[in-house]
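Chain by chain, the residues run as shown.
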Amino acid sequence: MVAMARPIGGQMRLPFAHVVLRGLILGLLIGIIGGNAAAGPLDDALRLERAAAALLSADRLTEAEKPLRQALAIRQREQGADHPGLTRALVDLSIVLNGLGRKNESLELLGRTEAILTNHPGIDDLLLGKVLFLYANGLVAAGRERDAVARIWRALAVEEKNSGPDDPVIVLHLNRLIALLVDGARYREAEPLMRRALSIIDKHPAFTQNQPGHTMRLLDDFSLALVEQGRYVEAIPLLRRALGIVEVMGEAMAEKAPWWGQRLLDRTAQVLLLNGRYAAARTAQTNAIKIARTQYPNNSI
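Source: prediction; values computed, not measured.

**Re the pattern of salt bridges**
Argument step 1. Throughout the structure, instances matching the rule amount to 20 salt bridges.
Argument step 2. One salt bridge in this structure joins arginine 75 and glutamate 49, with 2.7 Å as the shortest N-O distance. Remark: glutamate 49 occurs in helix H2 (residues 41-57) and arginine 75 occurs in helix H3 (residues 61-79); sequence separation between them is 26 residues.
Argument step 3. Residue classification places arginine 75 among the buried positions, given a relative accessible area of 2%.
Argument step 4. Among the residues examined, glutamate 49 registers a relative accessible area of 1% and is labelled buried.
Argument step 5. Arginine 60 is paired through a salt bridge with glutamate 63; the nearest N and O atoms lie 2.7 Å apart.
Argument step 6. Relative accessible area serves as the criterion here: at 39%, arginine 60 is assigned to the partly exposed category.
Argument step 7. A network of salt bridges, in which partner residues are shared, links Glu65, Arg69, Arg102 and Glu105.

Put into structure tokens, the structure is as follows:
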């Protein structure tokens, strides 16, 4: 069986990225619980949280840490260490620490947020789903894949409850889970999830137009899983579909289009070769080389 290449350094996965993290800031409700409390220390905490959010939006992470810690101290004193009102400061502080490279401290705060929301079921399921997803990404970066898988399964259940089983957002959670399972060669576990994700995408044609990278990752993982199991014929339609997306969506995918095109053509050539279709394999490989020469003109390929 031929081992297929994976993206170097885990690229093309959903990272514990600044963009995703900042999206959580914008989605948080100001003054979760305790927002209607009487004027006093909690108003000071809310003011500090708003100031920190503005600093975060301006990428002034170092400056944002102090007001967040001050807000958190006030809320802990006034509301208790397990009160849901702490979640805003906890999550924003985890974002700051992650951005400053203090990954373990960031993970600790996300874990604490998960525990608080778990201890208050139903208080904010939407936030819980986002926190679980972010926590999972951080756990992956820390090499704790098994813990990450458990969080993604839970995030998936929360998102299904909030959005329904066929909402396109489910694909994002499925893709993250699929990536971990495929990386761990757990192909049989991943396959029903991949088929479900493709089914959801097929019901929402705009998803690929808006999120071509997510569809590409899914098709890439699915084809790899099939090839690694020796199911070459089944992999070919998935590769063709992915190449079709590159052709149609190349402009929208910007600099990623040549990368995907070369990667998919290389794999297609290998699959066709293993399937005895030598002429077609040669054509695919020739096209891959053309893309590579265009993308890397200074290298001898």
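**Brief notes about H3**
Argument step 1. Given a rise of 1.5 Å per residue, 19 residues ought to cover 27 Å, and the 26 Å separating the end C-alpha atoms of H3 matches this to within 8%.
Argument step 2. Listed as buried for H3 are Leu61, Ala64, Glu65, Pro67, Leu68, Ala71, Leu72, Ile74, Arg75 and Gln79.
Argument step 3. A positive backbone phi angle near 100° is found at glycine 80, which sits one or two residues after H3.

**Focus: the nonpolar core**
Argument step 1. The biggest cluster of nonpolar side chains holds 73 residues, and the ones touching the most others in it are Leu174, Ile178, Met194, Met216, Leu218 and Leu264.
Argument step 2. In contact with leucine 218, not counting residues within four places along its chain, are Asn175, Ile178, Met194, Ala197, Leu198 and Ile201.

**Quick notes on the confidence of the model for the protein chain**
Argument step 1. Averaged over every residue, the pLDDT of the protein chain is 80; residues scoring 70 or more account for 78%.
Argument step 2. Predicted confidence in the protein chain is weakest over helix H1 (residues 18-27), with a mean pLDDT of 46, and strongest over H3, with 96.
Argument step 3. Confidence drops under a pLDDT of 50 for residues 25-38, and excluding neighbours within four residues, the segment shows 28 contacts in the predicted structure.
Argument step 4. Throughout residues 296-301 the model reports pLDDT below 50, and contacts reaching past four residues in sequence, or to other chains, amount to 5 contacts.

**Quick notes on unusual backbone geometry**
Argument step 1. With a phi close to 60°, aspartate 59 is a non-glycine residue in the positive phi region.
Argument step 2. The backbone phi angle of alanine 185 is positive, close to 60°, even though this residue is not glycine.
Argument step 3. In this structure, alanine 185 sits in the loop between helix H8 (169-183) and helix H9 (187-203).

**Points about the side chain of glutamate 159**
Argument step 1. The residue glutamate 159 is located in helix H7 (residues 145-163) in this model.
Argument step 2. For the buried residue glutamate 159, which engages in no salt bridge, the nearest side chain bearing the opposite charge is lysine 130, 7.7 Å off.
Argument step 3. If we skip the residues at most four places from it in the chain, glutamate 159 touches Gly164, Val169, Ile170 and His173.

Conventions adopted
- Residues numbered from 1 in each chain as written.
- Predicted model: local features only at pLDDT ≥ 70, side-chain atom pairs only at ≥ 80, totals over all residues.
- Heavy atoms only, no water.
- Salt bridge = Lys/Arg side-chain N within 4 Å of Asp/Glu carboxyl O.
- Helix = DSSP H or I, 4+ residues; strand = E, 2+ residues; numbered from the N terminus.
- Buried < 20%, exposed > 50% of the residue type's maximum accessible area, 1.4 Å probe, protein only.
- Expected span 1.5 Å × (residues − 1).
- Core = buried A, V, L, I, M, F, W, Y, C linked by side-chain atoms within 4.5 Å.
- Contact = heavy atoms within 4.5 Å.
- pLDDT = per-residue confidence, 0-100.
- Lys, Arg positive; Asp, Glu negative; His and termini not counted.

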